[in-house]
Amino acid sequence: MFPTDVRRLGARAVRVRVDPGTVEALRGHLAAEPLPGQRELVAGGESVTVLFDGADSATEAERVLGAMAPPEPVAADGPLVEIGVVYDGEDLRAVAEQLGTDEAGVVRMHTDRAWHVGFLGFAPGFAYLRSADAGPEIARRASPRVRVPAGAVGLAGECSAVYPRTSPGGWQLIGRTDAELWSLDRDPPALLVPGTRVRFTAVRERLAVPTAPPPSGATARPERGLLVRETGLQSLVEDLGRPGRAAIGVTRSGAADRGALRQANRLVGNDAGVAGIENAGGGMELVAAGAQVLAVTGADAPLVVESPDGRWRTVERGRPFALDDGDLLEIGPATAGLRVVIAVRGGIDVPPVLGSRSTDTLAHLGPAPIAAGDVLPVGRAPRTVVAEPEAVAAVPDGSSPTVLDVLPGPDAEVFPDGAWAHLLDEQWEVTPNSDRVGVRLAGQPLARADGEVQSQALVPGAIQIPPSGEPVVFVVDHPTTGGYPVLAVVAEHHLDLLAQLPLGSPVRFAATAGPPGGA
């Protein structure tokens, strides 16, 4: 027997759909015997997605995986973790009614079963727990909650889970625990990793769910740095992210326009991955504490430097410039593009989290969003020279449709004939609720079949189609897994352009390959 469902997810990822009982076996096999160029493994409900270092490696792996005999199912043999639960959840009675039993019957069902971690996704440390024992399918809530507290214990489908931190969610909540599912003081930070066995026990005493400490911010007051007077809509510290941690529910994150950060760093003589500032929409003001060298790339916005004695001058994107102590850099409203990128010689020197100084807005990892009054510390200047001025990549101004190249996605069977053509023919509009997680588009809704797909890996540029039929195009802070079908994936060479789409601007998609089968 050989895998019959091996599909590409963009240029660098390959998704293998298998029987749910063999997901962990396949993941374990590929972890022990990685394929050439393999970088990450992301398990899903009925799939394992392999991320590679490039398109050539993914193409070769697609052939190898298609001919690979799937391993036999294996029993979970990891460490046993016992989790005490107070069974007083808001949905306990509703679940009992679904199952035709009483609340005590739900508790017995949950505590009698031996669970194990199938995979992690959605959020850091969020483990989807499965059981080898046959059990009921629990319907998700019709309307997800905006806020589920940390420590909430839930059921959905055939799975159980504990929410590691406060987040939205649509699972049926049956109890709560004080078990610490996610801690940066632990290696790995996730308590529950693939293969771990879990046993729930009912406890009577009231448990206090610990409040997660606030993310480390950039509020220190160094002698040398950048004083923030205004932030605009949103300003974040970003580097090139924290790759290699998708298996524990942590996406890469990092700069949304990676090319702009690399260029800005190059201009001031930094290494490419040094942390800079990503500002949405302009409107930021920075005062130099000590002499500094900066460069601005990304979105187009007027740049004015004012000295303490009132003299002022304009500066240009793509050209390094100096600030003396006390000089003020004013970044006006963006006139084209969305994200202004600012690099400073030496880099923004806030403490790293899991190897990166990036703010992940979905996972709440890294430094807090920049606030007025912060002083951003600047690291030691490198022993390099600043670069010659460079042309900055063109960014969309919203006056005409931005065309993004796309590849076919892996979930064609969920869509009726004509959906691919509809995606390409429609002119979509970027809605105001777009962010670093996803660009949400409005237009004539796409038709799709009823039901969802099992949770599976996502990549930047993946175009999910939720029940509304209006596409969501994932950006750098996307969840590691998702349960809506992916019709297409934005080509890698247009991911930076995706990050620069102004709110309200028109968008079209252009195929770089033929339509997916059946779409």
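Not measured: the values here are computed from a predicted model. (Residues numbered from 1 in each chain as written. Predicted model: local features only at pLDDT ≥ 70, side-chain atom pairs only at ≥ 80, totals over all residues. Heavy atoms only, no water.)

## Observations regarding empty space enclosed by the protein
Taken as a whole and judged by the stated rule, the model has four cavities of 30 Å³ or more. There is about 50 Å³ of room inside the largest cavity. Lining the largest cavity are 13 residues, with Gly249, Thr251, Leu362, Ala363 and His478 sitting closest to its centre. Across the lining of the largest cavity, the residue classes tally to seven nonpolar, four polar and two charged. Here the second largest cavity defines a volume of roughly 40 Å³. Elements supplying a minimum of two residues to the lining of the second largest cavity: β3 (38-43) and β6 (115-120). If one sorts the elements of the lining of the second largest cavity by residue count, β3 sits on top with three residues. (1 Å grid on protein atoms, 1.4 Å probe; cavity = no way out; pocket = protein on both sides within 12 Å on 5 of 7 lines; lining within 4 Å. Points joined across faces, edges and corners; volume = space filled by probe spheres on them. Nonpolar A, V, L, I, M, F, W, Y, C, P; charged D, E, K, R; others polar. Helix = DSSP H or I, 4+ residues; strand = E, 2+ residues; numbered from the N terminus.)

## With respect to the domain arrangement of the protein chain
Under the domain assignment, the protein chain is made up of domain 1 (5-67), domain 2 (80-202), domain 3 (225-377) and domain 4 (402-511). With centres defined by C-alpha atoms, the gap from domain 2 to domain 3 works out at 39 Å. On the domain 3 side, the residues contacting the 10 residues of domain 2 number 10 residues. Between domain 2 and domain 3, the buried area comes to about 770 Å², and carbon and sulfur atoms account for 71% of it. On the domain 2 side of the interface with domain 3, the three residues burying the most area are Pro124, Arg165 and Leu184, jointly 46% of the side's total. Counting every contact that joins domain 2 to domain 3 gives zero salt bridges. Here domain 2 is connected to domain 3 by two residue pairs in polar contact (both at pLDDT 80 or more). (Domains from an automatic or database assignment. Contact = heavy atoms within 4.5 Å. Buried area = accessible area lost by both parts, 1.4 Å probe. Salt bridge = Lys/Arg side-chain N within 4 Å of Asp/Glu carboxyl O. Polar contact = N/O pair within 3.5 Å; in protein donor to acceptor, adjacent residues only side chain to side chain.)

## Focus on the packing of helix α3 (residues 92-99) against helix α4 (residues 103-112)
Interaxial distance between α3 and α4 falls to 8 Å at its minimum, and their mutual angle equals 85°. Relative to α4, the element α3 lies roughly perpendicular. Where α3 abuts α4, its residues Leu92, Arg93, Val95, Ala96 and Leu99 lie against Glu103, Val106 and Met109. Split into classes, the residues belonging to the contact of α3 with α4 amount to six nonpolar, no polar and two charged. (Axes fitted to C-alpha atoms, helices over the stretch in contact; angles between N-to-C directions. Parallel < 35°, antiparallel > 145°, perpendicular 65-115°, else oblique.)

## Re the nonpolar core
Core analysis: the largest hydrophobic core is formed by 32 residues, its most contacted members being Leu129, Ile174, Leu192 and Phe200. Elements represented by at least two residues in this core include exactly β5 (80-85), α3, α4, β6, β7 (127-131), β9 (152-156) and β13 (197-202). Looking at which domains feed residues into this core, each of domain 2 (80-202) and domain 3 (225-377) supplies at least three. With near-sequence residues (within four places) excluded, Leu129 lies in contact with Trp115, His116, Val117, Glu158, Cys159, Ser160, Leu192, Val198 and Phe200. (Core = buried A, V, L, I, M, F, W, Y, C linked by side-chain atoms within 4.5 Å. Buried < 20%, exposed > 50% of the residue type's maximum accessible area, 1.4 Å probe, protein only.)

## Describing the sheet that holds strand β14 (residues 225-231)
Two orientations exist for strands paired in a sheet by backbone hydrogen bonds: parallel and antiparallel. Strand order in this open sheet of six strands is β20-β19-β22-β17-β14-β24, and the pairing throughout is antiparallel. What marks the edges here is a single partner per strand, and that holds for β20 (312-314) and β24 (375-377). Adjacent strand axes in the sheet meet at a mean angle of 25°, parallel and antiparallel pairs treated alike. As paired elements, strand β17 (residues 282-289) and strand β22 (residues 328-333) share five bridges and run antiparallel to each other. Of the residues in β22, the one forming a bridge with Met284 is Ile331. (Pairing = 2+ DSSP bridges.)

## So, the pattern of salt bridges
Overall, the coordinates contain 29 salt bridges when judged by the stated rule. A salt bridge links Arg17 to Glu413, with the nearest nitrogen and oxygen atoms 3.3 Å apart. One end of the pair, Arg17, is in strand β2 (residues 13-17); the other, Glu413, is in the loop between β25 (402-408) and α6 (419-425), with 396 residues separating them in the sequence. Note that Asp53 is salt-bridged to Arg39, the shortest N-O span being 3.5 Å. Residue Asp53 is located in the loop between β4 (47-52) and α2 (55-66), and its partner Arg39 is located in strand β3; the two are separated by 14 residues in the primary sequence. The class for Asp53 is partly exposed, based on a relative accessible area of 35%. Within the structure, one salt-bridge network assembled from shared partners comprises Asp5, Arg7, Arg15, Arg17, Glu46, Asp411 and Glu413.

## Concerning the sheet that holds strand β16 (residues 276-280)
Sheet architecture is open: five strands sit in the order β15-β16-β23-β18-β21, paired in antiparallel fashion. Among the strands making up the open sheet, the edge pair consists of β15 (234-238) and β21 (321-323). Between one strand axis and the next, the sheet turns through 30° on average, direction left out of account. Here strand β18 (residues 292-300) runs beside β21; their pairing, made up of three bridges, is antiparallel. What sits directly across from Leu294, in β21, is Phe321. Here helix α5 (residues 258-268) sits on the sheet and contacts β15, β16, β18 and β23 (336-344); the angle it forms with β18, its principal contact strand, is near 155°.

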